[in-house]
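This is what each chain is made of:
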Amino acid sequence: MKKKIAILGSTGSIGKTTVNIVKKNQKKFDVILLTTNKNVKEIIKQATILKVKNILISSKKHYLLAKSKKIKNVKIHNNLDNLNKIIKKKLDYCISAITGLAGLKPTLNCIKLTKKIAIANKESIICAWNLINKELKKNNTKFIPVDSEHFSIWSLLNNSKKEKIHKIIITASGGPFLNLPKKRFKKITPKKAISHPRWSMGKKISVDSATMMNKVFEVIEAKKIFNLKFSQLCIIVHPKSYVHALILFKNGLTKILVHDTDMSIPIFNSIYGSESIYYKTNSLNINTINNLDFVKTDNKKFPALKFLKKIPDKSSLFETVLISSNDVLVDSFLNKTIKYEDINKKLKKILNISEFKRLKKVYPKSLKQIIDIDKKVRLKTQFYI
Ligand code: NDP
Ligand code: MG
């Protein structure tokens, strides 16, 4: 039987990688839905190649543009809130790869509509893991994290009890500015910030990698998914990005997981799991494992790392403040409204606003609460730009 699948955010970096994996073994899949915000050309191309029944274009303008093209055998939709009207039979697999908090509601909705969900959208996990986890349990949906570090931790743990874990070390590539003297940070342009030395990713996450905010996000993400304490998690810089996670167990063993810097590896494994379909035969590069190179993180050069100390141990709405404000600031940097170093400076101010600091004690109870805070924080951040 063919696997029924959906790819949310199919025109992005993760989405395209997923489409390529599916394309290689097309007869195994029945692609029920692909979604994009604006990329009409790409989604139509994907739909034609994969013989997709439904595509969804979130931007009204671009939806109308696609409608006017009258594409044969493809239904075109516009509303991400109506996924249950498009996906009528339970999917076997869905990947959540929309960027930002725009991905939260569709992720929550898709959990009800699929047997397995692979979540790349880290913003949803950071702001709403308790809501996601509740839906996963309620609907008996299998969850696989796709962020490479989390996929590695998940694979290494292989269902072992969290009581056995002493510490988890998350590796960071250090991004494009690891060796750039701090005094030259003033001149960093968006073009330079999105030129990641190891990974090819969407613009937003590439800037987060450059500031190392991405690692702050990943520690919070790991804490939530694996139900740990912050004191059990730390970051180490590993520019070669070959090791993705290290787990120190209480029995004296340490496990590490290595793979090439290619997101198709976690995505491929999230699709096929234990099935006898293989990625490719590994060839071990001796030079790489002889020179793994780990260095300590530098909080002075990458002040975003200090924000981790501000995050409360118990899940709260404060995580949404961090995500939403950073999102607006990164966008403003990409649009050249603010400078690279202003991202952290302005974020620090926003996180210190007492109205937001109070949210550290508020447990996220509903999607509406998160969306309301997101709106408020976005407005406030705009005001500070
Ligand atoms: P991209 O920016 O490359 O792609 C994002 C996708 O979401 C695109 O299809 C985009 O459509 C769509 N989208 C964006 N905004 C909206 C919106 N408001 N409504 C509906 N759809 C929208 O992002 P990435 O693929 O890099 O990242 C996706 C997610 O995965 C992020 O949360 C990121 O943090 C996470 N992630 C990514 C990794 C990577 O290697 N790229 C690694 C680990 C995690 P359009 O094409 O029209 O813009
Ligand atoms: Mg990652």
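Structure shown above.
Residues numbered from 1 in each chain as written. Chains lettered and ligands numbered in written order. Predicted model: local features only at pLDDT ≥ 70, side-chain atom pairs only at ≥ 80, totals over all residues. Heavy atoms only, no water.

### A word on the sheet that holds strand β9 (residues 233–237)
The pairing of strands in a sheet comes from backbone hydrogen bonds and takes either a parallel or an antiparallel form. The four strands are arranged β9-β8-β10-β11 in an open sheet whose pairing can be described as mixed. The open sheet has two free edges, formed respectively by β9 and β11 (254–258), since each of these has just one partner strand. Neighbouring strand axes in the sheet, compared pairwise and without regard to direction, differ in orientation by 20° on average. As judged from the five bridges shared by strand β8 (residues 165–172) and strand β10 (residues 243–249), these two strands associate in the antiparallel manner. Considered in β10, the bridge of I165 is made with F249. Along the sheet face, helix α7 (residues 148–157) touches β8, β10 and β11 and points at about 40° away from the line of β10. The strands touched by helix α10 (residues 213–226) are β8 and β9; relative to β8, the strand with the most contacts, the crossing angle is about 150°. (Pairing = 2+ DSSP bridges. Helix = DSSP H or I, 4+ residues; strand = E, 2+ residues; numbered from the N terminus. Axes fitted to C-alpha atoms, helices over the stretch in contact; angles between N-to-C directions. Contact = heavy atoms within 4.5 Å.)

### As for unusual backbone geometry
For K51, which is not glycine, the phi torsion reads 50° and is therefore positive. By the secondary structure assignment, K51 is in the loop between α2 (40–50) and β3 (54–57). Despite not being glycine, N159 shows a phi value in the positive range, around 70°. Mapped onto the elements, N159 comes out in the loop between α7 and β8.

### Considering the pairing of strand β7 (residues 142–145)
Across four bridges, strand β6 (residues 116–119) lies against β7 in parallel orientation. Bridge pairing in β7 places K116 opposite K142.

### Quick look at the packing of helix α1 (residues 13–23) against α2
To describe two helices that pack against each other, one gives the angle between their axes and the distance between the axes. Contact geometry for α1 and α2: axes closest at 11 Å, N-to-C directions at 15°. Looking at the two axes, α1 sits roughly parallel to α2. Read as a crossing pair, α1 and α2 show a hand that is left-handed. Along the contact surface, α1 presents K16, V19, V22 and K23, while α2 presents E42, Q46, I49 and L50. Classifying every residue of the contact of α1 with α2 gives four nonpolar, one polar and three charged. (Parallel < 35°, antiparallel > 145°, perpendicular 65-115°, else oblique. Left-handed = near helix turned anticlockwise from the far one by under 90°. Nonpolar A, V, L, I, M, F, W, Y, C, P; charged D, E, K, R; others polar.)

### Overview of the coordination of the magnesium ion (ligand 2)
At 2.1 to 2.2 Å from the magnesium ion (ligand 2) lie its protein donor atoms, namely D147 (OD), E149 (OE) and E218 (OE). One chain supplies every donor for the magnesium ion (ligand 2), spaced along it as D-x1-E-x68-E. Here E149 is found in helix α7, whereas its partner E218 is found in helix α10, with 69 residues between them in sequence. Given a relative accessible area of 6%, E149 falls into the buried group. (Donors = N, O, S within 2.8 Å, 3.2 Å for Na, K, Ca; no water. Buried < 20%, exposed > 50% of the residue type's maximum accessible area, 1.4 Å probe, protein only.)

### Brief notes about the environment of V19
Summarising the element assignment, V19 is placed in helix α1. On the basis of relative accessible area, V19 is assigned to the buried category, the value being 6%. Through-space distance from the C-alpha of V19 to that of I7 is 8.0 Å; in sequence the pair is twelve residues apart. Once residues lying within four places of it in the same chain are set aside, the contact partners of V19 are I7, S10, Q46 and L50.

### A look at α2
Here α2 has its buried residues at V40, E42, I43, I44, Q46, A47 and L50. On its buried side, α2 packs onto α1, β2 (29–36), β3 and α3 (60–68). Count one or two residues on from α2 and you reach K51, which has phi positive near 50°.

### So, the packing of helix α6 (residues 122–139) against helix α13 (residues 318–334)
Two elements in contact, α6 and α13, have axes whose closest approach is 8 Å; the angle formed by their N-to-C orientations is 155°. When the axes of α6 and α13 are compared, the pair comes out roughly antiparallel. Listed contacts from α13 to E123, I126 and C127 of α6 are E319, T320 and I323. The residue inventory of the contact of α6 with α13, partitioned by class, reads three nonpolar, one polar and two charged.

### With respect to a nonpolar patch on the surface
Where nonpolar side chains cluster on the molecular surface, the patch consists of L284, I286 and I289 and spans about 280 Å² of accessible area. Along the chain, the position of I289 falls in helix α12 (residues 286–290). (Patch = residues over 30% accessible without salt bridge, like charges linked within 9 Å, V, L, I, M, F, W, Y side chains within 5 Å. Areas by Shrake-Rupley, 256 points an atom, 1.4 Å probe, with all protein chains shown as cover. Salt bridge = Lys/Arg side-chain N within 4 Å of Asp/Glu carboxyl O.)

### Focus on the environment of N179
The topology assignment puts N179 in the loop between β8 and α8 (190–193). Residue class for N179 comes out exposed when judged on its relative accessible area of 71%. Between the alpha carbons of N179 and I286 there is a distance of 25 Å; along the sequence they are 107 residues apart.

### Describing the nonpolar core
In this structure, I132, I153, V321 and L322 are the most contacted members of the largest nonpolar core, which totals 89 residues. Those residues in contact with I132 that sit more than four places away from it in its chain are L104, L108, I111, I119, S124 and I125. Listed in part, the 34 residues of the second largest apolar core include F29, I44, L50 and I267. (Core = buried A, V, L, I, M, F, W, Y, C linked by side-chain atoms within 4.5 Å.)

### Here we look at the site of ligand 1
Taken together, the neighbourhood of ligand 1 is formed by 25 residues, with T11, S13, K38, E123 and G202 sitting nearest. A distance of 2.9 Å is found between an oxygen atom of ligand 1 and a backbone nitrogen or oxygen belonging to S13. At 3.2 Å from an oxygen atom of ligand 1 is found a main-chain nitrogen or oxygen belonging to N39. The fraction of the free accessible surface of ligand 1 (900 Å²) that becomes covered by protein chains is 84%. (Near = heavy atom within 4 Å. Polar contact = N/O pair within 3.5 Å; in protein donor to acceptor, adjacent residues only side chain to side chain.)

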